[in-house]
Amino acid sequence: MPILLVSQGRDLTPWVNAMKEVQPELEVYVYPDAGAKNEIEFAISWNHPLGVFKEFPNLKCIASMGAGVDHILKDPELPEGVVVTRLTDEHLATDMATFTTALVLNYMRGLSAYKAAEEQALWLPKPYLRQRDITVGIMGMGVLGTAAAKQLKALGFEVQGWARTSKDIKDITVYAGNAELDKFLSSTDVLICLLPLTPETANILNRTVFEKLPKGAYVINVARGEHLVEEDLLIMLEKGHLSGASLDVFRTEPLPQQHPFWAHPKIDITPHIASVTNPATAVIQILENYDRLKQNKPLQNVVSQTKGY
Ligand code: NAP
Ligand code: GLV
């Protein structure tokens, strides 16, 4: 059974090599090369050209190359009945925990301001915060949010989370659902967004939510650009209600050259690198599912297309 790799703008050579390393006999196609289209039952995808999957009448599974599946589910022509799976790679969780921790520490010690001062050769010591001054609130307590929460907790921060359903995590309060959102926000000094992008979570980082954070709060978005209402962030920074933001994801990627975020003194930007899939480890779980499909066994990491994650 051949495997089809589909992606716009991503070099798929490392994926082909990683798959051949695990199963040398695999027949792998990189779209638009697809061999006999009716033989394709299993595809691996990142940002596919919308509508492309309807070319494959026997497609049964689309595996995401990342943790998020919004890039697959947004396709209005996704064939009905096709199962969509996501990655829950241990490396993704470790890398996300490390990255969000780095951003929180950067905020705590005000390092971005020193970088700006250095560019002008200015010696400007400033007071700084300590762990006890900061409650970190994580929106989205799934695989990545929980890993980040535990690492920040271990470093001595007060940490709380928000999810759809409540969780029992040692020393971390997790608020659940819209009914508990305000309570979560009112005690969050650093807000980290690690939600999946769904119709319920799109535009969730908006003025109404920001206004419920304490004055001076800091925002970190490492989930998806569509979570953030960009204008609202600029207004809240301008008003001084928010003290700054670190953004790793954007509505348009790469972030356009003229975008006001680039030059904003209170916004730090990284190019969607918070946690990057490592093909060598990712293919192991994807090929496990490929083998399961061949043997008619239930697949792992299947997403709910109703919930959107
Ligand atoms: P996950 O395991 O599916 O966790 C999602 C979490 O969000 C769950 O806790 C879920 O609540 C919560 N949630 C979903 N909808 C909600 C809603 N309407 N209200 C409140 N909570 C809601 O996802 P993950 O693996 O942690 O990944 C999260 C996202 O990170 C991905 O979807 C992707 O967009 C992003 N990501 C970014 C990068 C990067 O490099 N920047 C890398 C990897 C992933 P329940 O637990 O109650 O279901
Ligand atoms: C990256 O953004 C992912 O979803 O894995």
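Criteria and thresholds
Residues numbered from 1 in each chain as written. Chains lettered and ligands numbered in written order. Predicted model: local features only at pLDDT ≥ 70, side-chain atom pairs only at ≥ 80, totals over all residues. Heavy atoms only, no water. Helix = DSSP H or I, 4+ residues; strand = E, 2+ residues; numbered from the N terminus. Rg over C-alpha atoms; globule rule 2.2 N^0.38 Å. Areas by Shrake-Rupley, 256 points an atom, 1.4 Å probe, with all protein chains shown as cover. Lys, Arg positive; Asp, Glu negative; His and termini not counted. Charge placed at Lys NZ, Arg CZ, Asp CG, Glu CD. Near = heavy atom within 4 Å. Polar contact = N/O pair within 3.5 Å; in protein donor to acceptor, adjacent residues only side chain to side chain. Nonpolar A, V, L, I, M, F, W, Y, C, P; charged D, E, K, R; others polar. Domains from an automatic or database assignment. Contact = heavy atoms within 4.5 Å. Buried area = accessible area lost by both parts, 1.4 Å probe. Salt bridge = Lys/Arg side-chain N within 4 Å of Asp/Glu carboxyl O. Pairing = 2+ DSSP bridges. Axes fitted to C-alpha atoms, helices over the stretch in contact; angles between N-to-C directions. Buried < 20%, exposed > 50% of the residue type's maximum accessible area, 1.4 Å probe, protein only. Right-handed = clockwise from strand over helix to strand, strands pointing away. Parallel < 35°, antiparallel > 145°, perpendicular 65-115°, else oblique. Left-handed = near helix turned anticlockwise from the far one by under 90°.

## Description of the overall build of the protein chain
A count of helices and strands for the protein chain gives 10 helices and 12 strands. Since a compact globule built from 309 residues should have a radius of gyration of about 19 Å, the 21 Å found for the protein chain is in line with a globular shape. For the protein chain, the spread of C-alpha atoms along the principal axes amounts to about 65 × 45 × 35 Å. Accessible area for the protein chain stands at about 15300 Å²; split by element, carbon and sulfur atoms hold 52% of it. Where the 29 positive side-chain charges of the protein chain centre and where its 36 negative ones centre are 6 Å apart.

## Let's talk about the site of ligand 2
Around ligand 2 sit Trp46, Gly66, Ala67, Gly68, Arg224 and His272, and those are all the residues in its vicinity. Within the contact set of ligand 2, an oxygen atom lies 2.8 Å away from a side-chain nitrogen or oxygen of Arg224. A distance of 2.7 Å separates an oxygen atom of ligand 2 from a polar atom in the side chain of His272. Its free accessible area being 200 Å², ligand 2 has 87% of it covered by the protein chains. For the shell around ligand 2, the residue count by class is 2 nonpolar, 3 polar and 1 charged.

## A closer look at the domain arrangement of the protein chain
The assigned domain composition of the protein chain is domain 1 (3-89 + 277-294) and domain 2 (90-269). The centre of domain 1, based on its C-alpha atoms, is set 32 Å off from the matching centre of domain 2. Contacts between domain 1 and domain 2 engage 10 residues on the former and 8 residues on the latter. Taken over both partners, the interface formed by domain 1 and domain 2 buries close to 730 Å², and the fraction arising from carbon and sulfur atoms is 57%. Looking at the side of domain 1 facing domain 2, the largest losses of area belong to Ala67, Asp70 and Asp89, adding up to 60% of the total buried there. Linking domain 1 to domain 2 there are 1 salt bridge.

## Some words on the sheet that holds strand E11 (residues 242-247)
Taken in spatial order, the 7 strands of this open sheet run E8-E7-E6-E9-E10-E11-E12, and their pairing is parallel. Both outer strands of the open sheet, strand E8 (173-176) and strand E12 (267-269), are each paired with one neighbouring strand and no more. Strand-to-strand, the axes of this sheet are offset by a mean angle of 15°, without reference to chain direction. As defined by bridge partners, E11 adjoins E12 across 3 bridges and the pair is classed as parallel. When the sheet's bridge partners are listed, Ala245 is paired in E12 with Ile267. The strands that helix H3 (residues 90-109) touches are strand E6 (135-139), strand E9 (190-193), strand E10 (217-221), E11 and E12; relative to E9, the one it contacts most, it runs at about 155°. Packing of helix H5 (residues 143-154) onto the sheet brings it into contact with E6, strand E7 (158-163) and E9, and relative to E6 it is tilted by some 170°.

## Observations concerning the pairing of E11
Extensive coverage of E11 is indicated by the burial of 5 of its 6 residues. Where E10 lies against E11, 5 bridges are found, and the strand directions are parallel. Bridge pairing in E11 places Tyr218 opposite Gly244. Since E10 and E11 lie parallel, the crossover through helix H8 (residues 230-239) that links them has a hand, and here it is right-handed.

## Describing the sheet that holds strand E2 (residues 28-30)
Strand pairing in a sheet is mediated by backbone hydrogen bonds. Such pairs are either parallel or antiparallel. Ordered by their spatial adjacency, 5 strands build an open sheet running E2-E1-E3-E4-E5, and the pairing between neighbours is parallel. A strand with exactly one partner marks an edge of an open sheet, and here the two such strands are E2 and strand E5 (83-85). Going across the sheet, the axis of each strand differs from the next one's by a mean of 20°, ignoring polarity. In this sheet, E2 lies alongside strand E1 (residues 3-7) in parallel orientation, the contact comprising 3 bridges. Paired with Leu4 across the bridge in E2 is Tyr29. Its contacts with the sheet put helix H10 (residues 279-294) on E1, strand E3 (42-46), strand E4 (61-64) and E5, and the angle it makes with E3 is roughly 155°.

## Structural notes on the packing of H3 against H5
A packed helix pair is summarised by two numbers, namely the angle formed by the two axes and the spacing between the axes. Direction vectors running N to C along H3 and H5 enclose 50°, while the axes themselves pass 8 Å from each other. When the axis of H3 is compared with that of H5, the two are oblique. Seen from above, H3 lies across H5 with right-handed handedness. Along its contact with H3, which presents Leu92, Ala93, Met96, Ala97, Thr98, Thr100, Thr101 and Val104, the element H5 presents Val143, Leu144, Ala147, Ala148, Gln151 and Leu152.

## What to know about the pattern of salt bridges
What the rule picks out here adds up to 10 salt bridges. Between Glu211 and Arg207 there is a salt bridge whose closest N-O contact spans 3.1 Å. Here Arg207 and Glu211 lie together in helix H7 (residues 207-212), a separation of 4 residues that amounts to about one turn. In this structure Glu211 comes out as partly exposed when scored by relative accessible area, which is 44%. We note a salt bridge from Arg292 to Glu288, for which the minimum N-O separation is 2.8 Å. With Arg292 and Glu288 both in helix H10, this residue pair falls 4 residues apart, about one helical turn. On the basis of relative accessible area, Glu288 is assigned to the partly exposed category, the value being 33%.

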